[in-house]
Amino acid sequence: MEGSLTARDRVGIQDFVLLDAYTSESAFLDNLRKRFHENLIYTYIGTLLVSVNPYKELDIYSKKQMDIYMGVNFFELPPHIYALADNVYRTMLAEFNHHFILISGESGAGKTEASKKILQFYAVSCPSTKLLDNVRDRLLLSNPVLEAFGNAKTLKNDNSSRFGKYMDIQFDHQGAAVGGHILSYLLEKSRVVHQNHGERNFHIFYQLVEGGEEDLLRWLGLERNCQQYSYLVQGDCAKVSSINDKTDWKTVRKALDVIDFSESNIENLFGIIASVLHLGNVKFEADHRGYAVLNNSPEIHWLSKLLGIPAQVLQKGLTHRKIEAKTEEVLSPFTVEHAVYARDALAKAIYGRTFTWLVNKINESLANKDSSRKTVIGLLDIYGFEVFHVNSFEQFCINYCNEKLQQLFIELTLKSEQEEYEMEGIEWEPVPYFNNKIICDLVEEKYRGIISILDEECLRPGEATDLTFLEKLEGTMGGHPHFVTHKLADQKTRKTLERGDFRLLHYAGEVTYCVVGFLDKNNDLLYRNIKEVMRQSKNAIVKHCFPSSEPDSKRRPETVATQFKASLVGLAEILMTKEPWYVRCLKPNDGKQPGRFDDVLVRHQVKYLGLMEHLRVRRAGFAYRRRYEVFLQRYKPLCPDTWPNWKGTAAEGVELLVKHLGYKPNEYKLGRTKIFIRHPRTLFATEDAFEICKHELATRIQAKYKGYREKGNFLKQKEAATKIENCWRGLKARKEREKRAWAVKVIKRFIKGFMTRNQPTCLDNSEYLAFVRQNYLTRLKDNLPKSVLDQNTWLTPPPIMQETSQLLKALYTRHMVRKYVRGVTPQKKMQLQLKGLTSSMFKGRKENYPYSVCRPFVDTRISEEDIHIKILQTIRHERIKYSAPVVKYDRNGFRTRFRQLIFTQTAAYLVEEAKVKQRVEYNALKGVSVSNLSDNFLILHVTCEDIKKKGDLVLQCDFLFEALTKLCVVANKQNCIKVVQGSVRFDIQPGREGFVDFKSGQEFMVYRAKNGHLMVESTKAKSR
Ligand SMILES: Nc1ncnc2c1ncn2[C@@H]1O[C@H](COP(=O)(O)OP(=O)(O)OP(=O)(O)O)[C@@H](O)[C@H]1O
Ligand SMILES: [Mg+2]
């Protein structure tokens, strides 16, 4: 961007304000020319844009270019129509006010193109949504439609606007284009019926004939040949190389769809266009009385079909007029000439009114129904000043219009600007300029102006003609410096004027008007009866265009010129309420040629457009001014003293502000009510600073607001939290209270239950007792005795469970016993039986018996390997049942001997190694004595009659209970055991007796007592 800027800078000067020789027209032209030859068609004079028509396509209107110019400060980039458009748009958004862009220049200078470029820029640069795109498309496509119906090829311009157009683009506060409205001004209707040589009728006729689909043409009764239609051939140039009617037709058709024209609208519309062509071909002949009759041409048939009016009615309407004769109305026939005139008047009226309908229809589709406030940017693209070889009423109107716009420009720039400086007390060297008010007055002044005189002539009874009008003019205007006629002119000038001409010295140059047709065109008369005929039309548009409410001829409608004048006053009023921006279009040559810069032509335009004066005022003046209040309001954030509120006067505030901003004294001036800033760059620098500051402020405000919002949220949340907390606490407290109440009840019941626990079950204690029961049972379950022998582990039951407890204990014991019994092996069972036997014999009788209970019995205490083989051989046939080591006490002297005691099936043996010391058959065993004390002595009493036989055996055996039990079983002598107290008598040998005395002592001792008895002292408990 930077690069392109410097490259462009090198070619001339991009703002005339910077031109050194700013008073020199040549320097001005040089700069324009230099830039033009480099295809730099745009140059600024301050914020005014000068544009020179390049007459060729330049690559400067792409989307990329639009992006470059979007949101960039005006003077930062090379001059461009986009820069202006963007600047207008941004100013509108910033100041939220209305603006308009006045595009002026003579015919063919590029006004329409410029307005299209601006519209395209907005279409691309404005925010868009699907809905907005629709508006955008309609805004854009309204152009080709209006151009088709309102533009035509003229000698000056192949696409010359033959109507004035003011278009408002409406923006919402976010800058989105949300709607539009078009005002159209005076369409050059005469073109419908007549074109000068080298000119064409309106484009739409050619587009329809050239581009219309076969079916459509057939339906409209048209041929694809423009030469067939007399309204299209008068200029003799139906075909133009720069215009492609076929493609333009397609664009228009598409556009009509987008703008929401219904099929019937479109049908009716083209029906009208075709009707005009047919109307042009209607020919009249004179009958024998010289009155016009139709030569029964097929045109009437098509007209009747397309307009939906019976052919007869049409025919009559075209050849007669209604005149009022005292009390009645009579139809008076036309002469041929008159009929042709009426026919053309009808064609013009139909076309003109249809054009108005079209504009209204487009406005309907562009209308924004939303009532919120909008700002607008108005685009004024009006027909340019034009001078032809022969100039008529139309040119008079067009040039008058340009004169008015020039006056507006002067009012808003040169005049008001200088007046303002004076008013504000700013030192100022007045810049002389040509004020065209004198010409405007010449045309429009009441009673004395050309329009007034023309109207007067039109309305005057009697034979008023164009020439009487001219005479009147001469009579009134004689001597006016800007008005001359053949009669009034000096000799030299007279040669250049015809008798029927008058010449006006317009701001843009001299134009000679031929008065022929002025009255007619100004009257724009359409006979009443043909209007009535049109009212019968079945074509909805025609019907709409000729409403029955239209005032009839009894009251004359306003003349064309007066209407036009009024509409221009209206336009000026519209524009005066808006901020103006200017695009001045220049035409480089008359030949529509690219690259040719005609110095004389351009110099002339520069002159009459007042560009030099504008430059001088700009140079000497100030680019920007604002009322102190407005300026301060906008920029006060830039100075700490004025922000946020300034208490003093606005002027003082601004003074302080600009000092703070560091404005140099020559950069600004302080007027009475306004500040004036000389250079745009000063303002842009301020604007840039404001932009930055705005963001900072916005951030601060945003932060504050966010803080405020968050605080609000926080407080809300806190309140909510407290509320929830309260609710929750309440809920919890209520639950707690319920729980406590419940607990109190339960505890009360419990206590009552406890107090009445010993009473029979009743309401008060049933629950408690159930609890006690359950509690006891639960505890009992976990504390059951682990073994069948455990007699002590059993929970003490509460009183009410005594019985249950007993039952359960028995049950559980039984269960354990059962379990135990089931787990007992046959050997164990056998042993237990033996133990049972032992118990029956010794339980409660012998002191050390309890200690033996836990010692299991074994089969034998001496294995067969430990018994001497000889012994085994000796007693093999008897089978050994049990054996145990014993201590034998000699019967005499009680010496101790270790022996083996073996029980067989039949006898007990006392064995010493391989020797059987004594054999006692069980039959001979009389009994066995043991003491009741805790010793292990046993005395076997044997039957002993034989003296030789040994006597009783006194033995000590560690396995006393086991051995004795085995003996009882083997010998089958359960009752032979005797538990004795004190002493045991035994037989030493038959007839000789000995004694063993037993007593308890401190320790276990066996000794021979003094009395010769064997004394066995055994400890009491645990003496084993
Ligand atoms: N910026 C441009 N780039 C290329 N060609 C242009 C440009 N501006 C104008 N032209 C050419 O000049 C022709 C005339 O321009 P335009 O129709 O805008 O003139 P105008 O000022 O509207 O004239 P009128 O007053 O007759 O309506 C255009 O058809 C186009 O060929
Ligand atoms: Mg135009």
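Anyway, here's the lowdown on the structure attached to this text. These figures come from a predicted structure and were not determined experimentally. (Residues numbered from 1 in each chain as written. Chains lettered and ligands numbered in written order. Predicted model: local features only at pLDDT ≥ 70, side-chain atom pairs only at ≥ 80, totals over all residues. Heavy atoms only, no water.)

## Structural notes on the site of ligand 1
Filter applied, for reference: If a single non-hydrogen atom of a residue is within 4 Å of a molecule or strand, that residue counts as near it. To measure how exposed things are, a 1.4 Å probe is used in the Shrake-Rupley method; for residues, cover is taken only from the protein chains shown. All residues other than Ala, Val, Leu, Ile, Met, Phe, Trp, Tyr, Cys, Pro, Asp, Glu, Lys and Arg, Gly among them, are scored as polar; the first ten of these are nonpolar and the last four charged.
Around ligand 1 there are 20 residues in total, and Asn53, Ser107, Lys111, Thr112 and Ser160 lie nearest to it. Notes on ligand 1: free accessible area 630 Å², of which the protein chains cover 88%. Its residues assigned to classes, the shell around ligand 1 shows 6 nonpolar, 10 polar and 4 charged.

## Examining the sheet that holds strand β14 (residues 501-506)
As a reminder, the rule being used: Here, a strand pair is defined by DSSP locating no fewer than two bridges between the strands. Numbering of helices and strands runs from the N terminus; a helix is a DSSP stretch of H or I covering at least four residues, while a strand is a stretch of E covering at least two. Lines are fitted to the C-alpha atoms to define the axes, a helix being fitted only along its stretch in contact, and any angle between axes, read from their N-to-C directions, falls within 0 to 180 degrees.
Spatially, 3 strands are ordered β13-β14-β15 in an open sheet, and the strand pairing comes out antiparallel. Two strands close off the open sheet at either side, each with one partner strand: β13 (483-485) and β15 (509-514). Strand after strand, the sheet turns through a mean of 25° between neighbouring axes, direction not considered. As judged from the 3 bridges shared by β13 and β14, these two strands associate in the antiparallel manner. Its bridge partner being in β14, Thr485 is matched across the sheet by Phe502.

## Overview of the pattern of salt bridges
The criterion, for reference: Each reported salt bridge corresponds to a side-chain nitrogen of Lys or Arg within 4 Å of a carboxyl oxygen of Asp or Glu.
Under the criterion given, the structure shown has 58 salt bridges. Taking the shortest distance from any N to any O, the salt bridge between Lys116 and Glu113 comes out at 3.6 Å. Of the two residues, Lys116 and Glu113 are both situated in helix α5 (residues 111-125); the distance of 3 residues between them amounts to about one turn of the helix. With a closest N to O distance of 3.8 Å, Lys781 and Asp782 form a salt bridge. Via salt bridges that share partners, Arg162, Glu188, Arg191, Glu199 and Glu386 belong to a single interconnected network.

## Notes on the pairing of strand β22 (residues 907-912)
Rule in force here: When a residue's accessible area, from a 1.4 Å probe over protein chains only, is under 20% of the maximum for its type it is buried; when over 50% it is exposed; and in between it is partly exposed.
With respect to burial, β22 is a largely interior element, 5 of its 6 residues being buried. Sheet topology note: the strand β21 (residues 896-904)/β22 ladder contains 4 bridges and is antiparallel. Among the inter-strand pairings, Gln900 is bridged to a residue of β22, identified as Val911. Counting the residues that bridge the hairpin from β21 to β22 gives 2 residues. In this structure, β22 lies alongside strand β23 (residues 915-921), joined through 6 bridges in antiparallel fashion. If you follow Leu910 over to β23, its bridge partner there is Gln918. The hairpin formed by β22 and β23 contains 2 residues between the paired strands, and Glu913 there has a positive phi angle of roughly 50°.

## Brief notes about unusual backbone geometry
Cis peptide bonds are those with omega within 30 degrees of zero, and the linkage from Trp643 to Pro644 qualifies with 0°. Of note, Pro644 is situated in the loop between α27 (628-635) and α28 (650-661). Positive phi, close to 20°, is recorded for Leu186, a residue that is not glycine. Locating Leu186 in the fold gives a position in the loop between β7 (177-185) and α7 (190-193). Taking the relative accessible area as the measure of exposure, Leu186 reaches 29% and is therefore partly exposed. One non-glycine residue with positive phi stands out, namely Phe894, at about 55°. Turning to its location among the elements, Phe894 is positioned in the loop between β20 (880-889) and β21.

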